[in-house]
Amino acid sequence: MNDQTVTIKGKFTTWALTSGTRVEDFRKGLASLDLERFAPDEVSRKTALKKSLQKICAHRRRLVREVSGGYAIVTERQSSSQAGGATLTHDIDYHAVFSDAQPGIVFQGRAGYEVDSGQHVLWQDLTMEARTFGQEWEMIRAEFAHQVDLLPSEAVAASLTKIVDFLHGIPMRPRGGVYWIPDSGCGVWKGVTDVVAQTSGCEVFSMRTVIDDEGTRMVNVALVNSIGNELEKLTEEFGKISSRNSRGSTWDKKRDRIDLLRQRALGYESMLNSSQTDLKAHIEKVDNAAAVAALAAMQTA
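Residues numbered from 1 in each chain as written. Predicted model: local features only at pLDDT ≥ 70, side-chain atom pairs only at ≥ 80, totals over all residues. Heavy atoms only, no water.

1. Points about the overall build of the chain
Then, in step 1: Scanning the chain for helices and strands turns up eight helices and 11 strands.
Then, in step 2: Looking at the chain residue by residue over its 301 residues, the buried ones come to 41%.
Then, in step 3: Residue pairs in contact within the chain that sit at least 24 positions apart in sequence constitute 64% of those at least 6 positions apart.
Then, in step 4: Accessible surface for the chain amounts to roughly 17200 Å². Of this, 50% is attributable to carbon and sulfur atoms. (Helix = DSSP H or I, 4+ residues; strand = E, 2+ residues; numbered from the N terminus. Buried < 20%, exposed > 50% of the residue type's maximum accessible area, 1.4 Å probe, protein only. Contact = heavy atoms within 4.5 Å. Areas by Shrake-Rupley, 256 points an atom, 1.4 Å probe, with all protein chains shown as cover.)

2. A short note on the nonpolar core
Then, in step 1: Counting residues in hydrophobic clusters, the biggest one holds 39 residues, and the most contacted among them are Leu 49, Leu 53, Ile 140 and Trp 189.
Then, in step 2: For this core, the leading source of residues is helix 4 (residues 153-166), giving five residues.
Then, in step 3: In this view, Trp 189 contacts Thr 13, Trp 15, Leu 160, Ile 163, Val 164, Leu 167, Ile 181, Val 204 and Ser 206; residues no more than four positions away in its chain are not counted.
Then, in step 4: Counting residues in each nonpolar core, the second largest holds 17 residues, with Ile 8, Leu 223, Leu 234 and Leu 272 among its members. (Core = buried A, V, L, I, M, F, W, Y, C linked by side-chain atoms within 4.5 Å.)

3. A word on the confidence of the model for the chain
Then, in step 1: Summing up the model confidence of the chain, the mean pLDDT is 79 and the portion of residues at 70 or higher is 76%.
Then, in step 2: With pLDDT under 50 throughout, residues 1-6 is counted as low confidence; its partners more than four residues away or in other chains account for nine contacts.
Then, in step 3: Throughout residues 120-126 the model reports pLDDT below 50, and contacts reaching past four residues in sequence, or to other chains, amount to four contacts. (pLDDT = per-residue confidence, 0-100.)

4. Considering the side chain of Asp 149
Then, in step 1: Its location among the elements puts Asp 149 in the loop between helix 3 (128-147) and strand 8 (150-151).
Then, in step 2: For Asp 149, a relative accessible area of 18% corresponds to the buried category.
Then, in step 3: At 2.8 Å, the side chain of Asp 149 and the side chain of Arg 22 are in polar contact. (Polar contact = N/O pair within 3.5 Å; in protein donor to acceptor, adjacent residues only side chain to side chain.)

5. Side note on the sheet that holds strand 11 (residues 203-211)
Then, in step 1: One open sheet accounts for four strands, arranged 9-10-1-11; its pairing is antiparallel. Only two strands of the sheet have a single neighbouring strand rather than two, namely strand 9 (170-171) and strand 11.
Then, in step 2: Of the pairings in the sheet, the one linking strand 1 (residues 8-16) to strand 11 comprises nine bridges and is antiparallel in character. Each residue of the ladder has a partner; that of Thr 13, found in strand 11, is Ser 206.
Then, in step 3: Running at roughly 170 degrees to strand 1, helix 4 makes contact with strand 1, strand 9, strand 10 (179-182) and strand 11 of the sheet. (Pairing = 2+ DSSP bridges. Axes fitted to C-alpha atoms, helices over the stretch in contact; angles between N-to-C directions.)

6. Topic: the packing of aromatic side chains
Then, in step 1: Taken as a whole and assessed by the stated rule, the structure comprises 10 aromatic pairs.
Then, in step 2: Taking 5.6 Å as the distance between ring centres and 80 degrees as the angle between the ring planes, the aromatic pair formed by Tyr 94 and Phe 107 counts as edge-to-face. Separated by 13 residues along the polypeptide, Tyr 94 in strand 5 (residues 86-98) and Phe 107 in strand 6 (residues 105-108) bring together distant segments of the chain.
Then, in step 3: The interplanar angle of 85 degrees and the centroid separation of 5.4 Å between the aromatic rings of Tyr 94 and Trp 137 together place this pair among those described as edge-to-face. Within this pair, whereas Tyr 94 is found in strand 5, its partner Trp 137 is found in helix 3, the two being separated by 43 residues in sequence. Comparing Tyr 94 with Trp 137 shows no difference in burial state: the two are buried.
Then, in step 4: Feature note: the residues Tyr 94, Phe 107, Phe 133 and Trp 137 constitute an aromatic cluster, connected by ring pairs. (Phe/Tyr/Trp six-rings, centres within 6.5 Å; stacked < 30°, edge-to-face > 60°.)

7. With respect to helix 5 (residues 186-199)
Then, in step 1: In this model helix 5 runs 20 Å from its N-terminal to its C-terminal C-alpha over 14 residues, within 8% of the 20 Å that 1.5 Å per residue would give.
Then, in step 2: Along helix 5, the positions that sit buried rather than exposed are Cys 186, Trp 189, Gly 191, Val 192, Thr 193, Val 195, Val 196 and Thr 199.
Then, in step 3: In this fold, the buried residues of helix 5 make contact with strand 1, strand 2 (21-22), helix 1 (23-31), helix 4, strand 10 and strand 11. (Expected span 1.5 Å × (residues − 1).)

8. Some thoughts on unusual backbone geometry
Negative phi is the rule for most residues except glycine; trans is the rule for most peptide bonds.
Then, in step 1: Phi angles above zero are rare outside glycine, and Asp 34 is one such case at about 60 degrees.
Then, in step 2: Checked against the element boundaries, Asp 34 lands in the loop between helix 1 and helix 2 (45-56).
Then, in step 3: Despite not being glycine, His 168 shows a phi value in the positive range, around 65 degrees.
Then, in step 4: With respect to the helices and strands, His 168 occurs in the loop between helix 4 and strand 9.
Then, in step 5: Residue classification places His 168 among the partly exposed positions, given a relative accessible area of 30%.

9. Focus: helix 1
Then, in step 1: Of all the residues in helix 1, the buried ones are Val 23, Phe 26, Arg 27, Gly 29 and Leu 30. The buried side chains of helix 1 occupy one side of the element, clustering within an arc of 160 degrees when seen end-on.
Then, in step 2: Residues of helix 1 that are buried sit in contact with strand 2, strand 8, helix 4 and helix 5. (Arc of directions from axis to C-beta.)

10. Let's talk about the environment of Ile 181
Then, in step 1: You can see Ile 181 is positioned in strand 10.
Then, in step 2: Accessibility expressed as a relative area gives 1% for Ile 181, which makes it buried.
Then, in step 3: Expressed as a C-alpha distance, the spacing of Ile 181 and Pro 171, which sit 10 residues apart in the sequence, is 9.1 Å.
Then, in step 4: Excluding residues within four positions of it along the chain, Ile 181 makes contact with Gly 10, Lys 11, Thr 13, Val 164, Leu 167, Gly 169, Cys 186 and Trp 189.

Here you go:
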């Protein structure tokens, strides 16, 4: 092995994410790089409401439970029975739900009637629930306005993983977490890491590399594993599609994905200058899967 081989350049990258990324800022940042199609979907109102209730209300004896249209806040109480044992009772404090008739959160009492929809009313007209929980409701509304604008860390991670794939990066571990991006994608990836840094408290770490023969072997093995695993899943999925009606756009996307994997394998083979048997076998596997997909499409056209 010649440790002085330094012709293959790229970046190893990984990230440490939090739930502090603002949806609109992240979307605009990716749009500036022409990558808006990889931006996560907006946070659903129900998800934001649940997080708000958990932060403001939930503790050991106070629970958040799903109900139609939203969630119920339930207080758990422990009492002693005449037999000497302990019993638990659960009382609903109120429901926090969404209504088609109201733009924001609507709070409902135990019987399901509306007790607060965010409208200002006189103190003497407030229900018992509103007098008891009114301040808590305002805290929930304020937290909801904050949460609905934030992306969960898993949404940011999914977006970054898709961008790595778009740049023909490959996972260095079976479950991802560490990726290698070829030199051709490093410029775009630098722009992505700048967007993440500017729109959140998250960290994306990258290390520029010029790899030797051992590094080439490591990248090659990761490539073979990632393409092989995905091909096996795609082949199984194609085998389950038996009628033209069940195909459509999903079918076309899978065919396109196989073509992309074939191009990726050939591109890496040229870049790594590798003619290893395993890599060529996987390239052949891609070709066969693509041919089977094309033949099946022709038969049902």
